[in-house]
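These are the residues of each chain, in order.
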Amino acid sequence: MSTPMRPSPPTVTAGSLMPVNGLRIQARRLSQRVRGAGLVLRDVSFDVEPGQLTVIAGSSGAGKTILLQTLAGLRSPADGELRHDGARPGPPGREFGFVPQDDIIHRELPLRRTLLYAAELRLPPGTPAETVAVSVDRALETLGLSHRAATPVRALSGGERKRACIAVELLTRPRVLFLDEPTSGLDPVTGAALLRTLRTLAEDGTTVVLTTHVLADLLHCDQVVFLSPGGEVAFAGEPNALRGAFGADTVEEVYQAVADGVRVERPAPEDIQRSESTSPPPKPVRVGAVRQWALLTRRGTALLLHNRLSVAVLAGSPVMIVAMFAVLFRAGAFDRSAPDPGSTAMIMFWIAFGAFFFGLTYGLLQICTELPVLRREWLAGLRIGPYVASKLTTMLPVLAVADTLLLVVLRAVDRLPTAGWGTYGSLFVSSVLASTAALALGLLASAAVSEPGQATLMLPLLCFPQVLFSGAFVPVPRMTAAGEAISWAMTNRWAFEALGGGVGLETLWRAGGSPLGPPLLHSYGDSFGHPASRGWVILAGFTLLFLAVTWVVLVRKCREGTVRSREGR
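What you see is a predicted model, and the numbers here were worked out from it, not measured in a lab.

Undergrad: What's the story with the overall build of the protein in this structure? I'm lost.
TA: The helix and strand tally for the protein stands at 19 helices and nine strands. Considered along the principal axes of its C-alpha atoms, the protein spans approximately 95 × 55 × 55 Å. One finds the centroid of the 54 positive side-chain charges in the protein at a distance of 6 Å from the centroid of its 46 negative side-chain charges.

Next up, the structure:
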């Protein structure tokens with residue numbers, strides 16, 4: 001029986017590309033330090049010519065990624081000199097492409113739609129929609145992905161996703177493209193096809209620099225820069241000369257020789273030809289903050305609707321909370337002729353906690369799952385403020401619907417009192433503000449962690465204090481001084497008190513004639529004696545505080561590894 005042949009990956013034809021004027025890179029005596037690791041690059045010197053495909057190789061820990069980031073201008077060298085076309089590297093702009101090891105595209109949307117959003121963020125403000133579409137279609141054609149345009153990114157193969165990430169970078173037709181281990185994890189056939197794609201880009205004029213630990217990549221480039229374990233250049237030259245320079249028969253033997261400390265002496269590179277221009281490179285023009293916010297909100301909504309797990313959580317959480325209410329509490333607790341004070345207090349607490357739980361769970365996975373995408377888009381000009389604001393505006397309507405559903409169903413099953421629009425308007429505002437503050441707290445936690453698993457572990461750690469120090473089970477006046485101080489930082493306390501004040505728990509307990517009323521009034525003190533608006537102001541303040549700290553954390557994370565010196569930047 002004959003075995004069916006595996007279809008060859010799509011290849012790029014030169015006719016699908018338009019000429020690009022590549023960038024020349026000159027490195028002289030570069031050294032680089034990393035916090036906690038010390039000096040990782042030492043006296044690195046070589047040139048990358050325009051339109052050249054250069055591979056940086058070496059064993060793990062040799063400093064390949066650090067060198068790539070330094071050549072890209074994302075890290076300022078600790079010592080030495082780096083020039084792009086004879087000038088100091090400027091801010092990353094539309095002539096710059098950088099593909100890290102992690103995917104820099106979302107997986108939920110179809111590929112073409114994903115690229116359309118990326119193009120709107122990266123292309124100059126005011127670019128006509130037709131031009132944006134042409135740029136996207138050209139990038140898809142260039143990378144051999146036109147036939148996969150309608151396919152969700154999550155359904156692409158590993159090689160196709162890597163090419164899709166490169167397609168994002170090609171939207172602005174960069175003069176230089178940096179890639180960190182683009183063939184890592186790919187099978188040999190797919191890796192070779194991707195390298196042919198990069199070769200075609202280089203032949204078109206784009207300067208391509210990549211790191212790799214795949215042996216086959218070394219023999220299909222224009223220049224190999226081989227780093228020793230100490231971060232020094234052991235070899236820099238044409239790939240055909242690599243094995244002969246070390247007296248080796250295989251590339252594996254070259255790795256062993258470099259690990260043993262062998263280095264190939266080479267003439268010192270010529271002096272850098274500096275640009276005659278003394279003015280700093282112009283900063284790239286970015287899309288306006290309002291337009292970024294609107295675009296990110298549209299994209300966030302689309303991502304939310306295309307994620308089945310998110311939709312299931314959004315729909316299931318209110319149903320679960322309502323079901324628990326029906327099981328826990330009997331109907332008629334708010335009957336003014338015979339109220340149940342204990343149940344009314346607990347119902348207000350669990351509404352507050354339900355609103356908190358909605359917001360927190362919706363926010364916890366919003367940022368940590370897309371941090372590589374955010375970092376790359378930040379380099380391309382994305383502002384952190386509109387990004388954080390878009391998370392709020394994407395989720396706020398969903399939270400409002402969930403809180404409304406919770407209140408409506410609880411009233412329908414007689415777990416809330418018969419009251420007018422004023423009372424229910426107060427309950428709605430208190431619930432939405434509680435959810436919003438919790439959402440902001442979830443976003444902060446999501447920004448602070450480094451992976452989704454850590455965000456999941458944060459859920460019980462953030463929920464338990466909100467339950468214990470809300471003032472529901474142990475009233476605030478009965479807490480120790482330390483407990484009362486902690487309760488001030490709990491958003492659930494202020495939501496609980498605002499809900500209780502809005503529904504009139506004090507009046508209900510005084511007029512209901514229940515023997516439990518006076519003891520509860522004494523225990524809770526004036527917790528429900530303030531207007532609901534007091535809690536609203538505090539919840540809004542917490543929301544702004546959490547969002548501000550989220551902004552600070554994300555700015556710091558985006559700047560990690562991309563710190564520039566002030567001179568010439």
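There's plenty left to go through after this.
Undergrad: What's the story with the sheet that holds strand E3 (residues 53-58) in this structure? I'm lost.
TA: Where strands meet in a sheet, backbone hydrogen bonds hold them as pairs that are either parallel or antiparallel. Taking strand neighbours across the sheet as the criterion, the six strands line up as E5-E6-E7-E3-E8-E9 in an open arrangement whose pairing is mixed. Strands at the two margins of the open sheet, each flanked by one partner only, are strand E5 (96-99) and strand E9 (233-237). The average angle at which neighbouring strand axes cross in this sheet is 10°, direction not considered. Examined bridge by bridge, E3 and strand E8 (residues 223-227) share five bridges and lie parallel to one another. Bridged to alanine 57 within E8 is phenylalanine 226.

Undergrad: What should I look at first to understand the confidence of the model for the protein in this one?
TA: The predicted structure's coordinates, where accompanied by low pLDDT, should not be read in detail. Predicted confidence across the protein gives a mean pLDDT of 86, with 91% of residues reaching 70 or more. Within the model, pLDDT remains below 50 along residues 1-15, and this stretch shows 16 contacts once partners closer than five positions in the same chain are excluded. Contacts for the low-pLDDT stretch residues 564-569, under 50 throughout, to residues beyond four places or in other chains number 15 contacts.

Undergrad: Help me understand the pairing of strand E2 (residues 38-48), please; the structure alone is not making it clear to me.
TA: Two faces make up the sheet, and in a regular strand the side chains alternate between them. In this structure, strand E1 (residues 25-34) lies alongside E2, joined through seven bridges in antiparallel fashion. Bridged to isoleucine 25 within E2 is valine 48. Linking E1 back to E2 in an antiparallel pair, the connection comprises three residues, with glycine 36 at a positive phi of about 90°.

Undergrad: Help me out: how do you make sense of the nonpolar core in this one?
TA: The nonpolar side chains of a soluble globular protein tend to be buried with one another. Of all hydrophobic cores here, the largest spans 80 residues; its most connected members are Phe334, Ile347, Met348, Ile351, Leu416, Trp509 and Leu554. Residues contacting methionine 348, with those up to four places away along its chain left out, are Phe334, Leu416, Leu427, Phe496, Leu499, Gly500, Val503 and Leu505. Among the nonpolar cores identified, the runner-up in size contains 51 residues, and Leu115, Val208, Phe226 and Ala257 belong to it.

Undergrad: What's the story with the packing of aromatic side chains in this structure? I'm lost.
TA: Here the distance between the centres and the angle between the planes together describe a pair of aromatic rings. Evaluation of the coordinates by the stated rule reveals 20 aromatic pairs. Relative to phenylalanine 98, the ring of phenylalanine 96 has its centre 6.3 Å away and its plane inclined at 5°; by these criteria the two rings are stacked. Assessed through its relative accessible area of 7%, phenylalanine 96 is described here as buried. In this structure, arginine 493 packs its charged tip against the face of tryptophan 488, placed 5.1 Å from the ring centre.

Undergrad: Got a minute to help me understand the layout of surface pockets in this structure?
TA: Rolled over the atoms, a probe as big as a water molecule pinpoints where empty space is left. In this structure, the largest pocket occupies an estimated 930 Å³ of space. Lining the largest pocket are 31 residues, with Glu108, Asn307, Ser310, Leu365 and Thr369 positioned closest to its centre. Of all elements in the fold, only helix H8 (289-306), helix H9 (308-328), helix H10 (341-364), helix H11 (371-379), helix H12 (384-412) and helix H14 (452-468) reach the threshold of two or more residues within the lining of the largest pocket. If you tally residues by element for the lining of the largest pocket, the top one is H9, at five residues. Across the lining of the largest pocket, the residue classes tally to 14 nonpolar, 10 polar and seven charged.

Undergrad: Help me out: how do you make sense of the sheet that holds E1 in this one?
TA: One open sheet holds the three strands; their spatial order is E2-E1-E4, and the pairing between them is antiparallel. Each having just a single partner strand, E2 and strand E4 (79-84) make up the two edges of the open sheet. Each neighbouring strand pair of the sheet contributes to a mean axis angle of 25°, computed without reference to strand direction.

Undergrad: Even after reading the chapter, I still don't get H8, so can you show me in this structure?
TA: Residues spaced three or four apart along an α-helix face the same direction, because each turn holds 3.6 residues. Counted at 1.5 Å a residue, the expected span for H8 with its 18 residues is 26 Å, and the 25 Å between its end C-alpha atoms agrees. Of all the residues in H8, the buried ones are Gln292, Leu295, Leu296, Thr297, Arg299, Gly300, Ala302, Leu303 and Leu304.

Undergrad: Would you mind going over a nonpolar patch on the surface with me for this structure?
TA: On the surface, Met320, Met324 and Leu328 cluster together into a nonpolar patch covering about 290 Å² of accessible area. Here methionine 324 lies in helix H9. A relative accessible area of 40% means that methionine 324 is categorised as partly exposed.

Undergrad: Honestly, the pattern of salt bridges in this entry has me stumped. Any pointers?
TA: Pairing between side chains becomes possible if they bear opposite charge and their charged atoms approach one another. Inspection of every chain in the model, using the stated rule, returns 21 salt bridges. For glutamate 95, the salt bridge goes to arginine 175, with nearest N and O atoms at 3.7 Å. With glutamate 95 in the loop between E4 and E5 and arginine 175 in the loop between helix H4 (158-170) and strand E6 (176-180), the pair connects residues that are 80 residues apart, well separated along the chain. Ionic contacts of the salt-bridge type, sharing partners, join the residues Arg24, Arg28, Asp47 and Glu49 into one network.

Undergrad: Please explain the state of the cysteines as it appears in this structure.
TA: Put plainly, a disulfide is one covalent bond tying together the sulfur atoms of two cysteines. Tallied over the full model, the rule gives zero disulfides. Take cysteine 165: it sits in no disulfide, and the sulfur closest to it among the cysteines is that of cysteine 558, at 17 Å. With no disulfide of its own, cysteine 368 lies 14 Å from the sulfur of cysteine 558, the closest cysteine sulfur. Look at cysteine 368 and you get buried, because its relative accessible area is 6%.

Undergrad: So what exactly am I meant to see when it comes to helix H1 (residues 64-71) here?
TA: For H1, the tally of buried residues reaches seven of eight residues, placing the bulk of the element in the interior. Along H1, the residues that are buried comprise Lys64, Ile66, Leu67, Leu68, Gln69, Thr70 and Leu71. Positive phi shows up at glycine 73, right after H1, with a value of about 85°.

The rules behind each value
Residues numbered from 1 in each chain as written. Predicted model: local features only at pLDDT ≥ 70, side-chain atom pairs only at ≥ 80, totals over all residues. Heavy atoms only, no water. Helix = DSSP H or I, 4+ residues; strand = E, 2+ residues; numbered from the N terminus. Lys, Arg positive; Asp, Glu negative; His and termini not counted. Charge placed at Lys NZ, Arg CZ, Asp CG, Glu CD. Pairing = 2+ DSSP bridges. Axes fitted to C-alpha atoms, helices over the stretch in contact; angles between N-to-C directions. pLDDT = per-residue confidence, 0-100. Contact = heavy atoms within 4.5 Å. Core = buried A, V, L, I, M, F, W, Y, C linked by side-chain atoms within 4.5 Å. Buried < 20%, exposed > 50% of the residue type's maximum accessible area, 1.4 Å probe, protein only. Phe/Tyr/Trp six-rings, centres within 6.5 Å; stacked < 30°, edge-to-face > 60°. Lys NZ or Arg CZ within 6 Å of the ring centre and 35° of its normal. 1 Å grid on protein atoms, 1.4 Å probe; cavity = no way out; pocket = protein on both sides within 12 Å on 5 of 7 lines; lining within 4 Å. Points joined across faces, edges and corners; volume = space filled by probe spheres on them. Nonpolar A, V, L, I, M, F, W, Y, C, P; charged D, E, K, R; others polar. Expected span 1.5 Å × (residues − 1). Patch = residues over 30% accessible without salt bridge, like charges linked within 9 Å, V, L, I, M, F, W, Y side chains within 5 Å. Areas by Shrake-Rupley, 256 points an atom, 1.4 Å probe, with all protein chains shown as cover. Salt bridge = Lys/Arg side-chain N within 4 Å of Asp/Glu carboxyl O. Disulfide = S-S within 2.5 Å.

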